[in-house]
Number of protein chains: 2
Amino acid sequence: MAKIAPISGFPEWLPAGRIIEQQVIDLLRQTFELHGFSGIETRAVEPVERLLSKGETSQEIYLLRRLQDEAGTDSQLGLHFDLTVPLSRYVLENAGHLDFPFRRYQIQKVWRGERPQDGRFREFLQADVDVVGQDSLAFHHEIELPLVMIEALAKLPIPRVRIQASNRKVAQGFYEAIGIEAVDETLRIMDKLDKVGPRVVVQMLAEGVGATADQAELALKLAEITGADAQVADRVRALGYHSELLDEGLQELVDLVEGANELIPGSLIADLSIARGLDYYTGSVYESTLEGHEDLGSVCSGGRYDSLVSDGKKTYPGVGLSIGVSRILARVIGGDLVVPSRKVPTTVLVSVSDESDRMRAQKTARALRARGISAEVSANSAKFGKQIRYADRRGIPYVWFSMDAGEQVKDIRSGEQVIADPDTWMPPAADLKPELLSGKGAND
Amino acid sequence: MAKIAPISGFPEWLPAGRIIEQQVIDLLRQTFELHGFSGIETRAVEPVERLLSKGETSQEIYLLRRLQDEAGTDSQLGLHFDLTVPLSRYVLENAGHLDFPFRRYQIQKVWRGERPQDGRFREFLQADVDVVGQDSLAFHHEIELPLVMIEALAKLPIPRVRIQASNRKVAQGFYEAIGIEAVDETLRIMDKLDKVGPRVVVQMLAEGVGATADQAELALKLAEITGADAQVADRVRALGYHSELLDEGLQELVDLVEGANELIPGSLIADLSIARGLDYYTGSVYESTLEGHEDLGSVCSGGRYDSLVSDGKKTYPGVGLSIGVSRILARVIGGDLVVPSRKVPTTVLVSVSDESDRMRAQKTARALRARGISAEVSANSAKFGKQIRYADRRGIPYVWFSMDAGEQVKDIRSGEQVIADPDTWMPPAADLKPELLSGKGAND
């Protein structure tokens, strides 16, 4: 038998960490459902040719093979590496049963065969929202979707998240106007600006798309522009280039930053360095930063796509964003930013004076649970002091005693002990479930 | 691109079905947490030699291979086929950080490379509860755990589930007393009794473990015994064989049926035909039937295991049961036994009179959501009749109108329309979330 050891890139949490993860998932669900998004789950696998059709992802895929299928007779299946490819397929497969625009959220594990370095995982949790239309999708959804994410992230016990946005039409319109034709490749290079710096980008632009020094300099100037209102468009126009597509993109970008900030002030800024390497984006694109944890990279990204989903007859344009839940949680849990008030769901430990008393204790616990109070019966009938320590180790706040004199409950934090009836006693609301508190890492 | 088609054995639900699945998961979680079980999630993969160590499962495993790892340099990983093997590994890996007895629940997908026939899936959802001790685990947990499942299943919108129990010590003690030594193999054969019938079992016992006609007849007589009280032990003893192990097992079985039925009357019967083919069970074993859907087979099974989990120094005996959630849901959703009251989470559609009115509608929706009312803003500003039909198609019960005369909300089921303030209006509680109702299939 192999030595027991964690597998690099496949994170797991202890029960206390899972309490945090579960509450984060619940909060995300709550926000998404308040906005009228339907939850779906898709199977973990897709045909490999569908996974490969998105480009540039081939090295990341895990293929499946049945142990006994030596001949390889199964058609090739792979684990999904994001939730966008499965959504596309789900929409095409079920179009006749869905109402459009289809508003869906999806919180699921995805798998990538990457080298597990730089905090990159091979198995991780994503939370996606998308709106998908049939044949058309109004622009206002490009304002709506990042705001849903801003609201969802603001409810989580994490540092503030800011969204930066750009627009693919601005980039494409501008690059074409200055004479660069290989727009997709230029975007992939510009996407690396943060990592490699301007000097390397100039070189890559020269080698990759044949950009002159002037063209490269203009591309870098565009990438420097940021803003939260209409002036961002003025700054682009001041570079002196124009095209219909550029104008259309600038109008959308201004509508986005103005609309978003009117509804949630300070939620979103335009940042023309946002390129998003994936070539299926056609309108707004979004990235984000976690305040104080900018080194994590974007924790919530996405954009508008017009032609990702098509069955040849109809197209299904969409816009959506994806939160890297595991990436955020690894920092929040690993860095002790947040801790649960206790590591078990139990509110009351019902003590057992001797084994003949166990049935009575079970009935007491049953009465408590019937009114929504989490209760477990002591696993043993050791001395009460030992049973109290059992509760204390787990953070269980109350211990119940059934004595001939009557039933009593003790708050083991304060030591206060009162006579109580399992059919009526109720703890303060804050004790009903583990709460999330600031951890030691929160003040670093 | 491959034709879009479902992949056999990998079930997916439409949004309405997912509402049912999600509520079932929430109800299970709620019950498990009321009983003080901690939720965990384990990674989807385990080293293949760990997956194989449980025996008899080799043909069911999906192995993983990275697309670009032609050389196969990665150590072999496979998808977990149940949640018991991952639990064993998790307990050994984290023993120093866990408190024992460790009470955990786990609701996760598992994968098996079986031929997808007979309603068997290749990807499906399981919900497990286990209690794991360190070096010892009291018998009373063998009464507790099936009752947790009985309670959890009783809260689901499904037909009644009954649990049948036996005890491995009874079977082993009896087989040994009648002179059959190959106990594990005998159990595997007896486990097939339901499917192949007594005549074939007699033949298999003769061929597989060399049982005489008398021995086979006694084994079949044992399997006929059922009962919900101490008489079940008398019936076994009346067959005329005795051993210490048999007596111990009978005492446990009687304690189980009597204890369980005292706490929840009618919850559990002893049924000595329950064999459970897996050879790691050492005490109580459980199976179950869904009333009216006995053809599904057991929907909740498990047992006591003493030596599944060990690091060579310490052992971690446990007892647990697993609910086949997908197996139940395939029947409940596929058979239209249950339907949600609507197929989206949305309670209110906020209409938009023209696009210049969209910001006002967004603010109305935001006010509603702030008080927990799911609201979406109409995707278009078509005629009100069209927007009402949009809501109607999805089952959204209310449409909100912002008019110069003031704001109004219409219950589109009754047609009643009233003046309303988005900061105070509240729908009846039943309209806040989709509810589960009996479907057309429920009366068949």
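Residues numbered from 1 in each chain as written. Chains lettered and ligands numbered in written order. Predicted model: local features only at pLDDT ≥ 70, side-chain atom pairs only at ≥ 80, totals over all residues. Heavy atoms only, no water.

In the nomenclature of an unreviewed UniProt entry, chain A corresponds to Histidine--tRNA ligase from the organism Trueperella bonasi. Taken verbatim from the UniProt record of chain A, the Sequence similarities (unreviewed entry) comment is "Belongs to the class-II aminoacyl-tRNA synthetase family." Listed under Catalytic activity (unreviewed entry) in UniProt, the entry text for chain A is "tRNA(His) + L-histidine + ATP = L-histidyl-tRNA(His) + AMP + diphosphate + H(+)". (UniProt positions renumbered as here; feature names shortened; annotations may be inferred.)

A.B. asks: Could you clarify how one ought to interpret the relation of the copies chain A and chain B in this entry?
C.D. replies: Relating one copy of the chain to the other takes a rotation about an axis and a shift parallel to that axis. After a rotation of 180 degrees and a shift along the axis of 0.0 Å, chain A superposes on chain B with an RMSD of 0.0 Å. Look at the turn and shift together and you get a two-fold axis relating the two. When each C-alpha of chain A is compared by its distance to the rotation axis, Leu-64 of chain A comes out closest, at 2.5 Å. When the interface residues of chain A are mapped onto chain B, 100% of them again lie at the interface, so the same face is used by both copies. (Least-squares fit on C-alpha atoms with pLDDT ≥ 70 in both. Contact = heavy atoms within 4.5 Å.)

A.B. asks: How do you make sense of the side chain of Glu-46 of chain B when you look at a structure like this?
C.D. replies: All names here are of chain B. Inspection of the secondary structure puts Glu-46 in strand 2 (residues 45-47). The class of Glu-46 is buried, set by a relative accessible area of 0%. Setting aside its immediate chain neighbours within four residues, Glu-46 contacts Leu-51, Gln-76, Leu-77, Gly-78, His-80, Pro-86 and Arg-89. (Helix = DSSP H or I, 4+ residues; strand = E, 2+ residues; numbered from the N terminus. Buried < 20%, exposed > 50% of the residue type's maximum accessible area, 1.4 Å probe, protein only.)

A.B. asks: Explain the interface of chain A and chain B here, please?
C.D. replies: How large an interface is tends to be reported as the accessible area lost when its parts come together. Listed as interface residues are 95 residues of chain A and, on the opposing side, 95 residues of chain B. Counting the surface lost from both chain A and chain B, the interface buries some 8400 Å², and carbon and sulfur atoms represent 56% of this. Interface area lost by chain A to chain B is led by Ile-4, Glu-12 and Arg-66 of chain A, which between them contribute 8%. At the junction of chain A and chain B, the tally comes to 18 salt bridges. At the junction of chain A with chain B, the criterion picks out 38 residue pairs in polar contact (both at pLDDT 80 or more). The element contributing the most residues to the side of chain A that touches chain B is helix 1 (residues 15-34) of chain A, with 7 residues. The residue makeup of the side of chain A that touches chain B, split by class, is 41 nonpolar, 22 polar and 32 charged. (Buried area = accessible area lost by both parts, 1.4 Å probe. Salt bridge = Lys/Arg side-chain N within 4 Å of Asp/Glu carboxyl O. Polar contact = N/O pair within 3.5 Å; in protein donor to acceptor, adjacent residues only side chain to side chain. Nonpolar A, V, L, I, M, F, W, Y, C, P; charged D, E, K, R; others polar.)

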